[in-house]
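Given next are the chains, with one letter for each unit.
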Amino acid sequence: MILSKKETSILIEIIFSILFLFIFLPFFYANQKTSFTTGDLFKKIIEIIIFAVAYFSITYTFLEVYFKNNIVEDERNDMINSKSYKLGYLLYELSLFVFIGLLINSSIDYNGGVIFFIILLTLVVSLIKSIYQFYLHRTI
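Residues numbered from 1 in each chain as written. Predicted model: local features only at pLDDT ≥ 70, side-chain atom pairs only at ≥ 80, totals over all residues. Heavy atoms only, no water.

A word on the confidence of the model for the protein chain
No. 1: Looking at the protein chain, pLDDT values average 86 and 94% of them are 70 or higher.
No. 2: Element-level mean pLDDT values for the protein chain span from 86 in helix 2 (residues 25–30) up to 93 in helix 1 (residues 5–23). (pLDDT = per-residue confidence, 0-100. Helix = DSSP H or I, 4+ residues; strand = E, 2+ residues; numbered from the N terminus.)

Pasting the structure below:
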């Protein structure tokens, strides 16, 4: 299976979401019942920023070295982007509705549970949007 530069770029985003899920989400899951200190949260945010910058710098450097050509933007890319971002927007709206419902129902703890749930929803929506975008690039 030969992937284009755009498809490889989308796969880089998908892999980042999966790595984030396995590396950083367990911290927020484990601390959702307890109130963690600002120092712990600040350290974790710094770790996430450093990881993201290092990951994307390294992967996109390899991407540019491997694919010397530029990404050709045409109407097909515009259509794929609008379809995938429309799905992402609808999923964000649905997750916001679910989040507000859980807050009203008080099913989640207000300390760490809110942070965990927001990060989880954002991660899932981003992952689904990227997978759908990759699917559209492979099929259209």
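Still more to cover.
Quick word on the environment of T122
No. 1: Mapped onto the fold, T122 is located in helix 5 (residues 112–139).
No. 2: What makes T122 partly exposed here is its relative accessible area of 36%.
No. 3: In sequence terms T122 and L41 are 81 residues apart; their C-alpha atoms lie 18 Å from each other. (Buried < 20%, exposed > 50% of the residue type's maximum accessible area, 1.4 Å probe, protein only.)

Structural notes on the side chain of T8
No. 1: Topologically, T8 is positioned in helix 1.
No. 2: What T8 contacts, discounting residues up to four positions off in sequence, is L3, L63 and F67. (Contact = heavy atoms within 4.5 Å.)

Let's talk about helix 1
No. 1: Counted at 1.5 Å a residue, the expected span for helix 1 with its 19 residues is 27 Å, and the 27 Å between its end C-alpha atoms agrees.
No. 2: Turning to helix 1, its buried residues are K5, E7, T8, S9, I10, I12, I14, F16, S17 and F20. (Expected span 1.5 Å × (residues − 1).)

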